[in-house]
Amino acid sequence: MSEAERISRIHFLIKNRGYVSTREIQDEFEVSRATVMRDITLMRDRLRAPISYDPERNAYVYDGDEDDPWQYRTKFDLPGMWLDQHEAYALLTLLNVTSQIDPGLFMPHTAPFRGVLKKMLAYRNVPMKGFHKKVVVDLPNLDKGNRHVIHDLGTALTEDRQVVASWKNDEDKVESETVSLQRFVLGTTGWIVDLVVDRDRSRRQVPLTRFTKSVVTTEPAELLPEFRSDPAADFEALQELYSRR
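**Quick look at the overall build of the protein chain**
Step number 1: The secondary structure content of the protein chain amounts to nine helices and seven strands.
Step number 2: Contacts in the protein chain between residues at least 24 apart in sequence constitute 58% of all its contacts with a sequence separation of at least 6.

**A look at helix α8 (residues 147-159)**
Helical geometry: 3.6 residues make up each α-helical turn, so side chains three or four residues apart lie on a common side.
Step number 1: Taking 1.5 Å of rise per residue, the 13 residues of α8 would be expected to cover 18 Å, and the 18 Å separating its terminal C-alpha atoms lies within 8% of that figure.
Step number 2: Looking at α8, one finds that the buried residues are V149, I150, L153, G154, T155, A156 and L157.
Step number 3: For α8, the elements touching its buried residues are β3 (161-168), β4 (174-187) and β7 (211-220).
Step number 4: The backbone nitrogen of H148 has a side-chain oxygen 2.9 Å away, supplied by the residue at the start of α8, namely N146.
Step number 5: The first or second residue beyond α8 is D160, which carries a positive phi of 55°.

**Quick notes on the pattern of salt bridges**
Close approach of charged atoms allows side chains of opposite charge to pair.
Step number 1: Scanning the model with the defined rule gives 13 salt bridges in all.
Step number 2: E24 serves as the salt-bridge partner of R17, at 2.7 Å between the closest nitrogen and oxygen.
Step number 3: Put simply, D200 and R199 hold a salt bridge, and the shortest N to O gap is 3.7 Å.
Step number 4: In this structure, a network of salt bridges that share partners links the residues R183, D194, R203 and E226.

**So, the side chain of T22**
Step number 1: As for its position among the elements, T22 is in helix α2 (residues 22-29).
Step number 2: If we ignore the near neighbours within four places in the chain, the residues touching T22 are R33, V36, M37, I40 and Y60.

**Notes on unusual backbone geometry**
Step number 1: Positive phi is not limited to glycine here, since E30 has a value of about 55°.
Step number 2: You can call E30 exposed: its relative accessible area is 72%.
Step number 3: In the Ramachandran plot, D160 falls in the positive-phi region, its phi being about 55° despite a non-glycine side chain.
Step number 4: Considering the arrangement of structural elements, one finds D160 in the loop between α8 and β3.

**So, the sheet that holds β4**
Step number 1: Overall, antiparallel pairing links the five strands, which are arranged β6-β5-β4-β3-β7 in an open sheet. In the strand order of this sheet, the two ends are held by β6 (203-207) and β7, each with one partner. Here the average twist between neighbouring strands, direction ignored, is 45°.
Step number 2: As judged from the five bridges shared by strand β5 (residues 190-197) and β6, these two strands associate in the antiparallel manner. Directly across from V193, in β6, lies its bridge partner V206.

**A short note on the environment of Q162**
Step number 1: Note that Q162 resides in strand β3.
Step number 2: Since its relative accessible area comes to 7%, Q162 is described here as buried.
Step number 3: In this structure, the C-alpha to C-alpha distance between Q162 and A221, residues 59 residues apart in sequence, is 4.6 Å.
Step number 4: Other than its neighbours up to four places away in sequence, Q162 contacts T178, V179, S180, D198, V215, V216, T217, E219, P220, A221 and E222.
Step number 5: Only 3.2 Å separates the side chain of Q162 from the side chain of D198, close enough to count as a polar contact.

**What to know about the confidence of the model for the protein chain**
Step number 1: For the protein chain, the mean per-residue pLDDT works out to 83, and 86% of the residues sit at or above 70.
Step number 2: Here helix α4 (residues 69-73) is the element of the protein chain with the lowest mean pLDDT, 49, and β3 is the one with the highest, 96.

Definitions and cut-offs
- Residues numbered from 1 in each chain as written.
- Predicted model: local features only at pLDDT ≥ 70, side-chain atom pairs only at ≥ 80, totals over all residues.
- Heavy atoms only, no water.
- Helix = DSSP H or I, 4+ residues; strand = E, 2+ residues; numbered from the N terminus.
- Contact = heavy atoms within 4.5 Å.
- Expected span 1.5 Å × (residues − 1).
- Buried < 20%, exposed > 50% of the residue type's maximum accessible area, 1.4 Å probe, protein only.
- Polar contact = N/O pair within 3.5 Å; in protein donor to acceptor, adjacent residues only side chain to side chain.
- Salt bridge = Lys/Arg side-chain N within 4 Å of Asp/Glu carboxyl O.
- Pairing = 2+ DSSP bridges.
- Axes fitted to C-alpha atoms, helices over the stretch in contact; angles between N-to-C directions.
- pLDDT = per-residue confidence, 0-100.

Rendered as structure tokens:
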């Protein structure tokens, strides 16, 4: 077991039960007492955890107000993203529903995370209830197209790179252009790719199913102002999101 797993377990037990003994961690992870003590020292010195030894319990606790220790314990958390079982279940449900309309763009990136969520819920013995079977997205016009081409287009979109693409126009003739993808749009007729042609800077909207070939280049995509990333604004949005938790 890794150091991160042990520290996560120590934190979980103290935060939810109020204390943890070195013997518990030794037995659970089959490590020496010296290893557990190094973990606790790291938590205190590097992660700034308010952790101390309680001789009456022969265990470690988080320091705080004796009159209201529970409230104090909930104030400290380890760095990272922490979900309770309800939040994990809600997120997994959202991913399952999204997978039904995904053209192959989202799920390759979220599949590992879905696995983590399932393990979390199984560890807590949360019944899954087959919810993914109870909510179905029925869009008869949703043809997802060639998955290999979609993968390349998705890579170009997420990495902001140009792509040499071929597609059939309204006259069923093949066009080939170097393009900068701006966004994928899900409309009443299925997925549409909003793009800018590099040759003349013209903006086009091409149904996803019409693409027949794509090659991702190393050149940066030319993004329209409304689609350019603003790191400062993105960071402020994340701060606002987490301040509401």
